[in-house]
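Spelled out, the chains give:
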Amino acid sequence: MQGEGIQLIDTHVHINFDAFAPEIEEVANRWRSAGVVRLVHSCVTPDEFDSTRALADRFLELSFAVGLHPLDAGEWKPDTASKIEKLASSDPRVVAIGETGLDFYKADNKEHQKMVFLSQIAIARKQGKPVIIHCRDAADEMVELLRSSWEEFGPVGGVMHCWSGTPEQTRWFLDLGFYISFSGIVTFKNAHSVRESAKIVPEDRILIETDCPFLAPVPKRGKRNEPAYVRYVAEQVALLREIPLETLAAQTTQNACKLFGLLGGRAE
C-alpha cells in the first residue's frame, strides 16, 4: 500500500469535544494506525485548558495551545490576557498561543476582535511561542494588522490554520513568515482556490490538519472528522503538488516539528 509506514502530524484538532468522549480510545487507535504520530490540540477558550491537559496526560503524543477563538471574543475580560499567559507558561506541552484570529463571516464586533487578537499576538511574542491563526472572511484586515504589528514590535512565528484563501492571499502570509496549513477543505471538488494555494506553498512552510471534528475530508465528508483522516488531506495535497505521499508526509512532519518544537515520533 502506498505510504505504508509514513508518519503524519495533525497540527490542529479539537478532541475534547463531547462527540469523541464515548470512543476516544478507538479514535486514538485509528489515528495511530493511520500513521499519525503527533497532534496539536487548540483551545477555543482558556476554560478548555484543563480538559485539554487531561487528554495530553492520557495521550502522550498530544501537545496543545491555549488562546481565545475570535467567535468567543465577547468572553474577553480584563484578566484574560494574564490568564492565557499564565496557562501557556504552566506546562511545557503548550507549544503555541491559539487558536486566535479574526472571523468576520457574521461579525458585528470587528474592532473588539482585533483588540483581542493583538493581545494574544503580544503574548506569543513575549513567550517566544508561535501563534495559531483562524482567519475567515478577514484576510485583508488580518494582513494589515500583522504588517503593522510586525513593523512596530517585530515578527511572531505561526500558522494560518485551516487555510481557505486565494493564492494571492497565501503569498501575503508567506511573505510575513507564516506556515500555511491545509484541512479537509482541500479535498472538496469546488475548492479550486484552496487547491491552487496548496500548489504554491514552499515545501518548508506547508502543514496539514483535520480541524476535527469539523470539515471531514472526502471520502468522509458529512461525517464527524477525526485525526486519522488527516491521511486523506495528505494524499490530496501530495496529488496536487505531484509528489509522492511519503515526500509530503516527511515535509509536513518536519515542518510541524520545527514550528511547534515537537519530537518527530510518538512520545512513549
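Above this text sits the structure in question.
Presented here is a report on the structure given in the accompanying data block. (Residues numbered from 1 in each chain as written. Predicted model: local features only at pLDDT ≥ 70, side-chain atom pairs only at ≥ 80, totals over all residues. Heavy atoms only, no water.)

Considering the overall build of the protein
Inclusion rule: Secondary structure elements are defined from DSSP: runs of H or I of at least 4 residues count as helices, runs of E of at least 2 residues count as strands, and each element is numbered from the N terminus. It is over C-alpha atoms that the radius of gyration is taken, and the globule rule equals 2.2 Å times the number of residues to the power 0.38. Three labels apply to residues, based on accessible area from a 1.4 Å probe with only protein chains included: buried if under 20% of the type maximum, exposed if over 50%, partly exposed otherwise in between. Note on definitions: a residue-residue contact is assigned when non-hydrogen atoms from the two residues lie within 4.5 Å. Throughout, the Shrake-Rupley method with a 1.4 Å probe supplies accessible areas, and for residues the shown protein chains are the sole cover considered. Charge convention: Lys and Arg are scored as positive, Asp and Glu as negative, and His as well as the terminal groups of each chain are ignored. Taken as the charge centre is NZ of Lys, CZ of Arg, CG of Asp or CD of Glu, depending on the residue.
Assigned secondary structure in the protein consists of nine helices and eight strands. Computed over its C-alpha atoms, the radius of gyration of the protein comes to 17 Å, within 12% of the 18 Å expected for a compact globule of 268 residues. Across its three principal directions, the C-alpha atoms of the protein cover 55 × 40 × 30 Å. A buried classification covers 58% of the 268 residues belonging to the protein. Expressed as a percentage of contacts within the protein between residues at least 6 apart in sequence, the contacts between residues at least 24 apart total 73%. For the protein, the accessible surface area stands at approximately 11500 Å², while carbon and sulfur atoms represent 49% of it. The centroid of the 30 positive side-chain charges in the protein is displaced by 2 Å from the centroid of its 38 negative side-chain charges.

Some points on unusual backbone geometry
Peptide bonds are, in most cases, trans, and in most cases residues other than glycine have a negative phi. For the peptide bond that leads from Gly98 to Glu99, omega is 10°, which places it in the cis range. At the junction of Val218 and Pro219, the peptide bond is cis and its omega measures out at 15° in the coordinates. Mapping Pro219 onto the fold places it in the loop between strand 8 (206-208) and helix 8 (230-241). Despite not being glycine, Asp137 has its phi angle at roughly 55°, a positive value. With respect to the helices and strands, the residue Asp137 is situated in the loop between strand 5 (131-136) and helix 5 (139-153). Assessed through its relative accessible area of 53%, Asp137 is described here as exposed. For Glu242, which is not glycine, the phi torsion reads 60° and is therefore positive. Its place among the elements puts Glu242 in the loop between helix 8 and helix 9 (245-260). Judged by relative accessible area, which is 74%, Glu242 ranks as exposed.

Description of the layout of surface pockets
Put simply, the test is: Think of a 1 Å grid over the protein atoms and nothing else: a 1.4 Å probe that fits but is trapped marks a cavity, an open set flanked by protein within 12 Å on at least five of seven lines marks a pocket, and residues with an atom within 4 Å of a point count as lining. Grid points are joined across faces, edges and corners, and a volume is the space filled by probe spheres set on the points. Gly is placed with the polar residues, together with every amino acid not listed as nonpolar (Ala, Val, Leu, Ile, Met, Phe, Trp, Tyr, Cys and Pro) or charged (Asp, Glu, Lys and Arg).
Taken as a whole, the largest pocket spans an internal volume of roughly 540 Å³. Considering the residues around the largest pocket, the lining is formed by 25 residues, among which Asp103, His134, Cys135, Arg136 and Cys162 are closest to the centre. Among the secondary structure elements, those contributing two or more residues to the lining of the largest pocket are strand 4 (94-103) and strand 5. Sort the elements by how many residues they give to the lining of the largest pocket and strand 5 lands first, with three residues. When the residues that make up the lining of the largest pocket are grouped by side-chain class, the tally is 11 nonpolar, eight polar and six charged.

Keep in mind these numbers describe shape, not what the thing actually does.
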